[in-house]
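# Overview (structure and organization)
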Amino acid sequence: MRGSLPEGLCSGWWMVETRFMSDQREDPVGHRFDSVDFEQVLDELRGPGTVEDEYWERIWALQRRVGRGTFDRCVGLLNGPDGLDRRIGADVLSQLGYRDDKPWADESIPHLLSRLEDSTDEDALVGIAGAFQHLGYGDNEDHRRMALSRLRELCGHPDADVRESVVSALHAAVDGPDTLSLEAVLLLCELTRDGARDVRDWATFWLMELPEKGIDLPEVRAALWARITDKDQEI
């Protein structure tokens, strides 16, 4: 399974593209695919030989397309039965039209919530949960409530990549000292004790920014203090 999108990669187009200015590859954000037919790019994304860098180069190229046709095709992939297709659809929708303020964000969220609820494939779950980091929940409490119900279950998923994407989705659900945000925070506290290093690392990272959102809980302080003795010194 291909890894999730690096969490430090933020939503703005300049963050997507300037992050790779020091990358030694010739075309790290995939501009060479900008004029390639969608279906051809899709076939390459489905290919077993597509490694992580090559995968994201193609995803970013599709994300730069803002037309209704691209949106509809990605929704079709997301709503289809294949796990990898769902992952591809979710990954593109997560920042579709990122140079133009993501015009399809509000229409994407309900589709993603539906597939978060019924997906079991690991590839699909990584893409769908990770998409909420970039799209959020549309300032809609019902959306956040629906997501948290499923994310709570996925905190114990056996695949570490899925749990890492769950961390992203939980972080996106934290908006301030409201009930739903605090529920997400407590789940993040649990994930700071996860067996996978990257899951612990990102859960800890997002807890450290909570004072900016007016959240100060003894559970958070205890979770952060416990990580001082983590076997991985970078955490």
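Numbering of residues starts from 1 in every chain and runs along the sequence as written. For a predicted model such as this one, the threshold for reporting local features is a pLDDT of at least 70, and the threshold for listing and counting side-chain atom pairs is 80 or more; totals across whole chains, interfaces and linings nevertheless cover every residue. Heavy atoms throughout the structure, all of them, feed into the side-chain values; hydrogens and water do not.

### Side note on helix α6 (residues 105-118)
Two residues of an α-helix separated by three or four positions point the same way, owing to the 3.6 residues in each turn. Secondary structure is summarised from DSSP: a helix means a run of H or I of at least four residues, a strand means a run of E of at least two, and numbering begins at the N terminus for each. Residue count minus one, scaled by 1.5 Å, sets the expected span of a helix. Between its first and last C-alpha, α6 extends 20 Å over 14 residues, near the 20 Å set by a 1.5 Å rise per residue. Where α6 is concerned, the buried positions are Ala 105, Ser 108, Ile 109, Leu 112, Leu 113, Arg 115 and Leu 116. Among the structural elements, α4 (68-78), α5 (83-94), α7 (122-135) and α8 (141-154) are those in contact with the buried residues of α6. When accessible area is computed with a 1.4 Å probe and restricted to protein chains, residues below 20% of their type maximum are described as buried, those above 50% as exposed, and intermediate ones as partly exposed. Throughout, a contact is declared for two residues whenever any of their heavy atoms are within 4.5 Å.

### Comments concerning the packing of aromatic side chains
For Phe, Tyr and Trp, rings pair up if their centres lie within 6.5 Å, where Trp contributes its six-membered ring, and each pair is then called stacked (planes under 30 degrees apart), edge-to-face (over 60) or tilted (otherwise). Following the criterion strictly, the structure yields 7 aromatic pairs and no others. Judged by centre distance (5.3 Å) and plane angle (90 degrees), the ring pair of Tyr 55 and Trp 56 falls under edge-to-face. Relative accessible area serves as the criterion here: at 0%, Tyr 55 is assigned to the buried category. Here Phe 205 and Trp 206 contribute two aromatic rings whose centre-to-centre distance is 5.0 Å and whose plane-to-plane angle is 75 degrees, an arrangement assigned as edge-to-face. Owing to a relative accessible area of 39%, Phe 205 belongs among the partly exposed residues under this scheme. Exposure remark for Trp 206: the relative accessible area of 8% places this residue in the buried category. Here the aromatic cluster, defined as three or more aromatic residues joined through ring pairs, consists of Tyr 55, Trp 56 and Trp 60.

### Focus on the side chain of Arg 58
By the secondary structure assignment, Arg 58 is in helix α3 (residues 52-63). The class for Arg 58 is buried, based on a relative accessible area of 12%.

### Notes on the nonpolar core
Definition of nonpolar core: a set of buried residues of the types Ala, Val, Leu, Ile, Met, Phe, Trp, Tyr and Cys, connected through side-chain atoms within 4.5 Å. By size, the foremost hydrophobic cluster in this structure holds 68 residues, and its most contacted members are Ile 88, Phe 132, Leu 170 and Val 185. Top contributing element to this core by residue count: α7, with 8 residues. If we skip the residues at most four places from it in the chain, Phe 132 touches Ile 109, Leu 112, Leu 113, Leu 116, Tyr 137, Ala 169 and Ala 172.

### As for the pattern of salt bridges
Pairs may arise between side chains of opposite charge once their charged atoms sit close together. Basic side-chain nitrogens of Lys or Arg form a salt bridge, by our definition, when they fall within 4 Å of a carboxyl oxygen of Asp or Glu. In this structure the tally under the stated criterion is 25 salt bridges. Asp 91 is the partner of Arg 87 in a salt bridge, and the nearest nitrogen-oxygen pair spans 2.6 Å. With Arg 87 and Asp 91 both in helix α5, this residue pair falls 4 residues apart, about one helical turn. Residue Asp 216 pairs with Arg 221 through a salt bridge whose shortest N-O separation is 2.6 Å. With relative accessibility at 58%, the residue Asp 216 sits in the exposed group. Residue Arg 221 is classed as partly exposed on the basis of its relative accessible area of 45%. Here the residues in one salt-bridge network are Arg 197, Asp 198, Asp 201, Asp 232 and Glu 234, joined through shared partners.

### Side note on the layout of surface pockets
With a 1 Å grid spanning the protein atoms alone, the term cavity applies to any set of points in which a 1.4 Å probe fits but cannot get out, the term pocket to an open set with protein on both sides within 12 Å along at least five of seven lines, and the term lining residue to any residue with an atom within 4 Å of a point. Grid points are joined across faces, edges and corners, and a volume is the space filled by probe spheres set on the points. One number sums up the size of the largest pocket: a volume of about 210 Å³. Lining the largest pocket, in full, are Gly 136, Tyr 137, Gly 138, Asp 139, Asn 140, Glu 141, Arg 144, His 171, Ala 172, Val 174, Asp 175 and Lys 213. Listing elements by their share of the lining of the largest pocket, those giving two or more residues are α8 and α9 (160-172). All residues other than Ala, Val, Leu, Ile, Met, Phe, Trp, Tyr, Cys, Pro, Asp, Glu, Lys and Arg, Gly among them, are scored as polar; the first ten of these are nonpolar and the last four charged. Class assignment of the residues belonging to the lining of the largest pocket gives a composition of 3 nonpolar, 4 polar and 5 charged.

### Some remarks on the environment of Met 208
When you line up the elements, Met 208 lands in the loop between α11 (197-207) and α12 (218-226). On the basis of relative accessibility, which here comes to 53%, the residue Met 208 falls in the exposed class. Along the backbone, Met 208 and Val 220 are 12 residues apart, and their C-alpha atoms lie at a distance of 8.6 Å.

### Brief notes about the confidence of the model for the protein chain
A residue's pLDDT is simply how confident the predictor is in it, with values from 0 to 100. In the predicted model, the protein chain carries a mean pLDDT of 89, and the fraction of residues at 70 or more is 89%. Confidence over residues 5-16 falls short of pLDDT 50; this stretch has 34 contacts with residues more than four positions distant or in other chains. Of the regions scoring below 50 in pLDDT, residues 18-22 engages in 7 contacts with residues more than four places distant in sequence or in other chains.

### Some words on unusual backbone geometry
Even without being a glycine, Asp 101 presents a positive backbone phi close to 60 degrees. For Asp 101, a relative accessible area of 71% puts it in the exposed group. Even without glycine at this site, Lys 102 takes up a positive phi of about 45 degrees. Locating Lys 102 in the fold gives a position in the loop between α5 and α6. On the basis of relative accessible area, Lys 102 is assigned to the buried category, the value being 14%.

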